[in-house]
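Geometric and topological summary
So you can see what is in the structure, the chains are spelled out below.
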Amino acid sequence: MTLTEWIIVILTIQGIHFLGTWKLYQKAGRKPWEAIVPIYNAIVLMQIINRPKWWVILLFIPVINLIMFPVIWVETSRSFGKNSTIDTFLSVFLLGFYAYYLNYLAEVNHIEDRSLAPKTEVGEWVSSILFAIVAATIVHTYIMQPYTIPTSSLEKSLLVGDFLFVSKFHFGAKIPTSVIAAPMVHDTLPFIKTKSYVYNDDPTKKNSLLNKFQLPYFRLPGFQNIKRNEIVVFNWPADTVRQFFTKDRRYEKPIDKKSNYVKRCVGIAGDTLEIIDGFIYINGERSIMPERAKPQFYYTVDTDGKNMSDNMIYNTYNVNRGEARTAYQEYVLPLSYENQLYQKFGKDYLLNRKYLLNLDEANAQKLKNNKLIKSVVRNIQPKGEAEAVFPSIKRNWNKDNMGPIYIPKEGATVALDINSLELYQKIISEYEYNTLSVEGNSIFINGKKVNSYTFKQNYYWMMGDNRHNSEDSRYWGYVPFDHVVGKPVFVWFSWNTYGKGLDKVRWERLFTTVNGEGPIKSYFYYFLAFIVLYIGYSQYRKRKSK
């Protein structure tokens, strides 16, 4: 929606408010014109309904205002003596237009200094729950959001079943663009599994009237820029699925409702990135990964078939992981099962006991040191062997060898020709909302022939540490800054699906930081100590006050 369209909408809302309340303002001892002045009329209304003026701020916060509007409608009715259940119902059900009845037809008087205490126990519960939702939504949207790790793309650093807190304020919290949406949920309402927001997701109806009610992108100031090799949560740019892991047809989704992804930012705006034999090079130098990052690749492990067993393989592999042995099948491809081995790899794999294992460098070295193992070879796709990776198969790139690729920086200008265009065409047309067309060898942007392009925002290159089990920028390209959600700060809980009993909880991962150097350290017992001290101090204060 354009600025002009938003101004028209705001003025229309102000007009509806004025026509439905100007007599009520007058009955409350105010001037009728005070009902039509934007923002000021909200401040006056707070005085009329005997509520704090800071509530006005909540009326202008996207999503929060959807909760506050019904509250204001009900409070207005009660300020003029309409306290019954039917009055409350009509105030909400008629979307505030019940005020028109009070304004023109009902005989009502303003109640000054009315009691704000709920009349019933149910009312008290409703008020408490309502403002708990408001507080939680503010925290969830602008400060800290809980997040669950669903895949193994960052295995070793973050495990499947980790529950994170993601900071919104490090990089600056995004103002929600979907103004009509349920609070504290992402793209799907729980239990009923329907959309949590109002938007026409049919790709052929992008210009639907419903899709007009989207706020322009805006981000609050942050205090940190994204650092190279930092773990980041972002909205998946290539998301066209209705729900995560569920694919049917293509869906069009607003940015803030695209699926949440978590990857490592291996390249920042302005970098030139290249992947050589699986290793990342930034500006011509091999990238030095953080100590906690454990990149993994598939290795072919050739063993002494007579003396080697599955147990020996995965016991060696799991030495430092602390996972239950039943997790074996999640990380070791089941090629040692004879029927699958014979069907897929023939007698050589069956007789010599070859394995295809997903290993980090440390575990690969442990297997190499085993005298019963003939060889451990990292499986790398050769340079020049084409694979369907970004930007297209025509470049003969693959997941282990691609680039160099320039990662666009805000304000930077690149030369454009038919060859380079495919690297940036999605940025130009989809992320930065230009009209792009090609006629022969000529490129037109917004109807003007060009041979260069200047970027409007920063972009990043996101990859998983689990190199051969990660859908990341190698397949769908850059992540725009307006898609960045936040920074994971710590793991507050971790659930191991393969564990049994108390071992289902990864106790050593509770309250651990996501970033940082050195071995991970759990602060769970410090947290428990703090809770015990706080409860003890609270009880002491209560006894002392009595």
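As a starting point, this report considers the structure included with it. Bear in mind that the values here come from a model prediction, so they are computed numbers and not experimental data. (Residues numbered from 1 in each chain as written. Predicted model: local features only at pLDDT ≥ 70, side-chain atom pairs only at ≥ 80, totals over all residues. Heavy atoms only, no water.)

Examining the pairing of strand β17 (residues 459-463)
- The buried fraction of β17 is high, at 5 of 5 residues.
- Residues of β17 alternate between two faces, with Tyr 459, Trp 461 and Met 463 on one and Tyr 460 and Met 462 on the opposite face, all of them buried.
- Of the pairings in the sheet, the one linking strand β4 (residues 260-267) to β17 comprises 3 bridges and is antiparallel in character. The residue bridging Gly 267 from the neighbouring strand is Trp 461, located in β17.
- Where β17 lies against strand β18 (residues 479-480), 2 bridges are found, and the strand directions are antiparallel. Of the residues in β18, the one forming a bridge with Tyr 459 is Pro 480. (Buried < 20%, exposed > 50% of the residue type's maximum accessible area, 1.4 Å probe, protein only. Helix = DSSP H or I, 4+ residues; strand = E, 2+ residues; numbered from the N terminus. Pairing = 2+ DSSP bridges.)

Focus on the nonpolar core
- The biggest cluster of nonpolar side chains holds 29 residues, and the ones touching the most others in it are Met 46, Met 68 and Ile 72.
- At the level of elements, α1 (3-27), α2 (40-48), α3 (55-58), α4 (64-79), α6 (98-104) and α7 (121-142) are the ones that each hand at least two residues to this core.
- Grouped together as the second largest cluster of nonpolar side chains are 28 residues, Ile 275, Val 414, Leu 421 and Leu 423 included. (Core = buried A, V, L, I, M, F, W, Y, C linked by side-chain atoms within 4.5 Å.)

A word on the side chain of Asp 187
- Tracing the backbone through its elements, the reader meets Asp 187 in the loop between β2 (162-167) and β3 (230-235).
- Here the side chain of Asp 187 touches Lys 253 through a polar contact of 3.1 Å, side chain to side chain.
- When near neighbours in sequence (up to four residues on either side) are disregarded, Asp 187 contacts Thr 194, Lys 195, Ser 196, Tyr 197, Arg 242, Gln 243, Lys 253 and Lys 257. (Polar contact = N/O pair within 3.5 Å; in protein donor to acceptor, adjacent residues only side chain to side chain. Contact = heavy atoms within 4.5 Å.)

Quick word on the packing of aromatic side chains
- The tally for this structure, following the rule as stated, stands at 37 aromatic pairs.
- Ring plane angle 80° and centroid distance 5.5 Å describe the contact between Tyr 453 and Phe 455, whose orientation is recorded as edge-to-face. For the pair formed by Tyr 453 and Phe 455, the shared burial category is buried.
- Here the aromatic rings of Tyr 460 and Phe 481 are separated by 6.2 Å at their centres, their planes lie at 55°, and the arrangement is tilted. (Phe/Tyr/Trp six-rings, centres within 6.5 Å; stacked < 30°, edge-to-face > 60°.)

Digging into the sheet that holds strand β9 (residues 354-360)
- With antiparallel pairing, the 3 strands of this open sheet are ordered in space as β9-β8-β10. The sheet is open, and its two edges are formed by β9 and β10 (373-378), each paired on a single side. Here the average twist between neighbouring strands, direction ignored, is 30°.
- Both strand β8 (residues 296-303) and β10 contribute to a ladder of 5 bridges, which runs antiparallel. Paired with Thr 300 across the strands is Val 377, a residue of β10.
- Where helix α11 (residues 361-368) meets the sheet, it contacts β8, β9 and β10, and its direction lies at approximately 140° from that of β9. (Axes fitted to C-alpha atoms, helices over the stretch in contact; angles between N-to-C directions.)

Details of the sheet that holds strand β7 (residues 285-286)
- The 4 strands lie next to each other as β7-β6-β5-β11, forming an open sheet whose pairing is antiparallel. Each edge of the sheet is formed by a strand with only one pairing partner; in this case those strands are β7 and β11 (402-406).
- Taken together, the 3 bridges between strand β5 (residues 272-276) and β11 define a ladder with antiparallel strand orientation. Within the sheet, the bridge partner assigned to Leu 273 lies in β11 and is Ile 405.

Side note on the side chain of Asp 87
- Note that Asp 87 resides in helix α5 (residues 85-93).
- Despite its burial, Asp 87 pairs with no opposite charge, the nearest such side chain being Lys 82 at 5.0 Å.
- Side-chain polar atoms of Asp 87 contact the side chain of Ser 84, separated by 2.7 Å.
- Polar side-chain contacts of Asp 87 include one of 2.5 Å to the side chain of Tyr 98.
- Setting aside chain neighbours within four positions, we find Asp 87 in contact with Lys 82 and Tyr 98. (Lys, Arg positive; Asp, Glu negative; His and termini not counted. Salt bridge = Lys/Arg side-chain N within 4 Å of Asp/Glu carboxyl O.)

A few points about the packing of α4 against α5
- Closest axis-to-axis distance for the α4/α5 pair is 9 Å, and the angle between their directions is 140°. Taken together, the axis directions place α4 and α5 in an arrangement best described as oblique. As for how α4 packs across α5, the hand of that crossing is right-handed. Listed contacts from α5 to Pro 70, Trp 73, Val 74, Ser 77 and Arg 78 of α4 are Thr 88, Ser 91 and Val 92.
- A per-class count over the contact of α4 with α5 returns 4 nonpolar, 3 polar and 1 charged. (Parallel < 35°, antiparallel > 145°, perpendicular 65-115°, else oblique. Left-handed = near helix turned anticlockwise from the far one by under 90°. Nonpolar A, V, L, I, M, F, W, Y, C, P; charged D, E, K, R; others polar.)

Quick notes on the pattern of salt bridges
- As enumerated under the stated definition, the model contains 16 salt bridges in all.
- Where Arg 506 meets Asp 162, a salt bridge forms, and the shortest distance between an N and an O atom there is 3.9 Å. Linking Arg 506 in the loop between β19 (484-494) and β20 (512-513) with Asp 162 in strand β2, this pair joins segments that are 344 residues apart in sequence. When sorted by exposure, Arg 506 lands in the same class as Asp 162, which is buried.
- In this structure, the salt-bridge partner of Asp 271 is Arg 228, at a minimum N-O distance of 2.9 Å. Residue Asp 271 is found in the loop between β4 and β5, and its partner Arg 228 is found in the loop between β2 and β3; the two are separated by 43 residues along the sequence.
- A relative accessible area of 4% places Asp 271 in the buried class.
- Because the salt bridges share partners, they merge into one network encompassing Arg 51, Glu 75 and Arg 114.

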